[in-house]
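Here are the chains, one letter per residue:
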Number of protein chains: 2
Amino acid sequence: MMTNAELQQKPIGIFDSGVGGLTVVAEVFKLLPEENIVYFGDVGRYPYGGRSKETIQNFARQDVRFLLEHQVKFIIVACNSASSVALEEIQKENDIDILGVIEPGARAAVNNTGNNRIGIIGTKATIGSDSYAKAIQRRRQETKVFSLACPLFVPLAEEGYIEKEATHLIASDYLKTLINLDIDTLVLGCTHYPLLKDVIARVMGERIRLIDSAEETARELAALLSLKNLLRPSGGDISHKFYVSDVPDKFSQIAERFLGRQIDNITRVDITRY
Amino acid sequence: MMTNAELQQKPIGIFDSGVGGLTVVAEVFKLLPEENIVYFGDVGRYPYGGRSKETIQNFARQDVRFLLEHQVKFIIVACNSASSVALEEIQKENDIDILGVIEPGARAAVNNTGNNRIGIIGTKATIGSDSYAKAIQRRRQETKVFSLACPLFVPLAEEGYIEKEATHLIASDYLKTLINLDIDTLVLGCTHYPLLKDVIARVMGERIRLIDSAEETARELAALLSLKNLLRPSGGDISHKFYVSDVPDKFSQIAERFLGRQIDNITRVDITRY
């Protein structure tokens, strides 16, 4: 049995279907700079959205088993698809605390809205799953939720196509349907979207508050670790580890864009063994 | 043993890692309207580019075995990554004629160029593999080849984001480096790019001839079938079959965009069994 002091030293495990979850890592770096992180990006089986529920659940189980092998003290599912359809199952099957990205975003949106009109943007898979709308309406039934898929935002973010006129045009094109719906809160329901936060804010105007799921998830993680007395005391060496299920080259390039810093500690693993 | 008349009735097998190969199907429809087609789109394992050579070769072997089960008379590898790294192996391992998309595009480019300066655009994987440049220089060593990856073209084509100012801006941005290089020929080295042919032509100007690999591959197929006396005589029912390795929904939507017609005959198969 591990003592609490030993457990505090253990890393936080974060997994995603690809690189998107790195925006959650970036927020954890900011908020909890004393924590060690083990990240698994399942780039070899990306994207999870569009696959069957059973497939996503099996992938998520393997991802959890991989992280548990690294003796993590907490797991974040930084993937909207897996958070939508697999979170409950892996929570039931494991003793460790597991947090998804949807509940923190939904909670923050409900806390923020004054007029009970909330917009959600995400990938086709996330929007099609209706998971943010359900999470919001579980909290406050009378809320009107308007959901919109913005499929080009992921490739634009991955290509670093951020401060460009083309990206502004595409954002205006997508978001114009939301602008006239009198929402006061917009949830960035995809871990890639924080990279486009500035352009989305410019298009939506300053009266609409953007909720960043990655940021809210990191906040909730900090609160939960504190509550359970699992925060790592400062001091000692910090080392983060990144694992991917396919060639690491592309991952390392994009990772820099998402994290704002270079990472050199990327290892390829065969996730199908787990 | 099948008679030649029986063999002529058999379908043409075409496989790709996803939907892109449908541009080849569209060209075969145009050029050889009497032929039946069996298409396999490996959407469940898309994209092949970025995976290891061994993995792509194994995937291609499975794709070929699947098509052979449908008694095809000819196979087209409508996938640039598989054509680059697996074509030779599957040609050696099988008696049936197998044609890739790279050689026909390279041949047409060499036949067209007057000043021996050819541009190639494609995905990062195709450009990184250097396969078009090698195929061109095998034919004419003194040719100067300028290669450029245009990673946003695939999602723009899949989203049908074609006649848009944003797409024109992105194309201008990518292609400006090629415009000043005095090329007279540009190869569309990705099966998705024919959807963006108009905008690419507008950006490049009319002095530069675009070579469409999908079109060239269909032409070469027609020539080879004719040469081998394998063209299907006109008359009788024609039926095309489409198979995918994951949920067919998204495929059917995008397929319409690529083919210019609806398809209703889409079946999901477990390709890992082959």
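1. Examining the relation of the copies chain B and chain A
- Placing chain B over chain A gives an RMSD of 0.0 Å and needs a rotation angle of 180°, together with 0.1 Å of translation along the axis. Expressed as a symmetry operation, the mapping of one chain copy onto the other fits a two-fold axis. Minimal C-alpha distance to the rotation axis in chain B is attained by B:A166, lying at 2.1 Å.
- Most of the interface of chain B is mirrored in chain A, where 100% of its interface residues are also at the interface.

2. Brief notes about the environment of A:V85
All names here are of chain A.
- Position of V85 among the secondary structure elements: in helix α4 (residues 80-85).
- You can call V85 partly exposed: its relative accessible area is 22%.
- Non-local contacts of V85, meaning those with residues more than four positions away in its chain, are made with K53, I56 and Q57.

3. Some thoughts on the domain arrangement of chain A
Residues and elements named next belong to chain A.
- As assigned here, chain A comprises domain 1 (4-101 + 216-273) and domain 2 (102-213).
- The C-alpha-based centres of domain 1 and domain 2 are spaced at 23 Å.
- Listed as interface residues are 24 residues of domain 1 and, on the opposing side, 25 residues of domain 2.
- In this assembly, domain 1 packs against domain 2 so that about 1,800 Å² is buried in total across both faces, 54% of it on carbon and sulfur atoms.
- Connecting domain 1 to domain 2 are one salt bridge.
- A salt bridge links E220 to R107; the shortest N-O distance between them is 2.3 Å.

4. Structural notes on the interface of chain B and chain A
- Between chain B and chain A, the residue contacts involve 19 residues of the former and 20 residues of the latter.
- Where chain B abuts chain A, roughly 1,800 Å² becomes buried across the two surfaces, and 53% of that area is made up of carbon and sulfur atoms.
- Sorting the residues of chain B by area buried against chain A places B:L152, B:E159 and B:Y161 first, and these three jointly supply 26% of that buried surface.
- Between the two partners, chain B and chain A, sit four salt bridges.
- Secondary-structure elements contributing two or more residues to the side of chain B that touches chain A are α9 (153-158) and α10 (165-179) of chain B.
- At five residues, the largest contribution of residues to the side of chain B that touches chain A is made by α10(B).

5. Examining the sheet that holds strand β7 (residues 185-188) of chain A
Residue and element names in this part refer to chain A.
- Strand order in the open sheet formed by four strands is β6-β5-β7-β8, with parallel pairing between adjacent strands. Because the sheet does not close on itself, it has two edges, and the strands there are β6 (144-149) and β8 (209-212). The mean angle between the axes of side-by-side strands here comes to 25°, regardless of whether they run parallel or antiparallel.
- Here β7 pairs with β8 via four bridges, running parallel. Each bridged residue has a counterpart across the sheet, and for T185 the counterpart in β8 is R209.
- Contacting β5 (117-122), β6 and β7, helix α10 (residues 165-179) crosses the sheet at an angle of about 165° to β6.

Rules behind the numbers
Residues numbered from 1 in each chain as written. Chains lettered and ligands numbered in written order. Predicted model: local features only at pLDDT ≥ 70, side-chain atom pairs only at ≥ 80, totals over all residues. Heavy atoms only, no water. Least-squares fit on C-alpha atoms with pLDDT ≥ 70 in both. Contact = heavy atoms within 4.5 Å. Helix = DSSP H or I, 4+ residues; strand = E, 2+ residues; numbered from the N terminus. Buried < 20%, exposed > 50% of the residue type's maximum accessible area, 1.4 Å probe, protein only. Domains from an automatic or database assignment. Buried area = accessible area lost by both parts, 1.4 Å probe. Salt bridge = Lys/Arg side-chain N within 4 Å of Asp/Glu carboxyl O. Pairing = 2+ DSSP bridges. Axes fitted to C-alpha atoms, helices over the stretch in contact; angles between N-to-C directions.

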